[in-house]
Amino acid sequence: MTTKQIGFIFLSLLASGAAIAAPKGLLPNCYTYANLSAPNAPPTVELFVLIDQTTPLGSNLQQAAADIIKPFLKQGNAFSIIQFSAFTQGHYTDVLASERLSQLIEQKERNAIGKVQLAKFDKCMSVQGANAAKIAGAALRKAYAGTTSDMAKSDILFSLKDISIMINRSDANEKVVLLVSDMLENSSITTFYANRGVRKIDPAKEYSLVKSNNLLGDFGGARIYVMGAGLLSDDAKLAKGVYRDPKTMLVLQQFWKNYFQNANGELIEFGQPALLNPVQ
C-alpha cells in the first residue's frame, strides 16, 4: 500500500466518522505475528499528541493536526494520542491510543529467515501503516467529539505535569509533542483570561506560581509544537473573531517557552493558532 493510499484512508476516516474503537495496543506486532524474535531496540521517534478538550477546533485545524501525524506513522516509530481537560464530570486525562509500529528487518537478517515467516512478516508490515492511521484517526475523532468551551476551568498546567511523566518514561530516541490547546490556564492557581479575552500576563510572576505550586513537569528532552494558542470560544461565534493584541500573545509565548525550557523540553513553535512550519 502506498503512502498516498494510507493518507487517503486517514483523511477519509476523519471525514466519515466511522465507528472504530481505539484502545491501547490494537496494532499487532509483526514480529510476533510471524513468530520471530523482536529486536530489542527503542522506537526511532515517538509522537505524543495532546488534545485539550477545552479548545474546540475548526475543521481546518482538525485536518492540520491529522496531516501532522501522518508522516510519523512509519516503521520503527511510536505514537500516543492523549486528551486532557479540566477535572470535571466526564472530562479527564485519558490515553486514547498508544501504539508502536514494527521496524523493518535488515536485508542481511532476512537471508537467515524462512520463506513462510518472511511472507507473514511482510504481509503484516504492508498493512501496518494503514492500520495505524485508522487507530490514530479514531482517537482524534473521539478527542474532537469531546471538546467544549463550556467548562468553567482549564487545568492545563496540572495536566501537562501529569502527562509529562509518560513522555519522560518513553525510551524513544527522539520525542516530539504536538500540543493542541489554547494554552490559556484557568484554574484555582491562576487565570490567563480577562473580559472574555486573553489577559496580558506577567511571565515571571506566572512562572513563580508554577514553581510554588509544584506544577513543573519533565518532558524528557522532547521537541514541543503548540497548535491553537490564544483560541477563544467567541472566535467561532463572532464573524470577525476576537482581537488579540500581539504584545499579549508575545508574553503568553514567553511564559510557555520558559516553562518548557525548565521542564526539560524545547518549545519549537507556538502556533497562534496554526503552525507555519513542519513538525519534525
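Residues numbered from 1 in each chain as written. Predicted model: local features only at pLDDT ≥ 70, side-chain atom pairs only at ≥ 80, totals over all residues. Heavy atoms only, no water.

(A) Quick look at the nonpolar core. By size, the foremost hydrophobic cluster in this structure holds 35 residues, and its most contacted members are Leu50, Leu160, Leu179, Phe219, Trp256, Tyr259 and Phe260. When residues in this core are grouped by element, the largest group, 7 residues, is from helix 9 (residues 246–262). The residues touching leucine 50, leaving out its near neighbours within four places in the chain, are Ile82, Phe84, Leu160, Ile163, Ile167, Val177, Leu178, Leu179 and Val180. Counting residues in hydrophobic clusters, the runner-up holds 34 residues, among them Leu57, Leu61, Ala66 and Val279. (Core = buried A, V, L, I, M, F, W, Y, C linked by side-chain atoms within 4.5 Å. Buried < 20%, exposed > 50% of the residue type's maximum accessible area, 1.4 Å probe, protein only. Helix = DSSP H or I, 4+ residues; strand = E, 2+ residues; numbered from the N terminus. Contact = heavy atoms within 4.5 Å.)

(B) Representation of the pairing of strand 4 (residues 174–180) in the model. With 6 of 7 residues buried, strand 4 lies mostly within the body of the structure. For strand 4 and strand 7 (residues 222–227), the ladder comprises 5 bridges, and the chain directions are parallel. Counted as the bridge partner of leucine 178 is tyrosine 225 from strand 7. (Pairing = 2+ DSSP bridges.)

(C) A look at the state of the cysteines. Across all of its chains, the model carries 1 disulfide by this definition. The side chain of cysteine 30 participates in a disulfide bridge whose partner is cysteine 124; the two sulfur atoms lie 2.0 Å from each other. Across the disulfide from cysteine 30 to cysteine 124, rotation about the S-S bond amounts to roughly -75°, and the bridge is consequently left-handed. Of this pair, cysteine 30 sits in helix 2 (residues 30–33) while cysteine 124 sits in helix 5 (residues 115–145); the two residues are 94 residues apart in sequence, bridging distant segments of the chain. Like cysteine 30, the residue cysteine 124 is buried in the burial classification. (Disulfide = S-S within 2.5 Å.)

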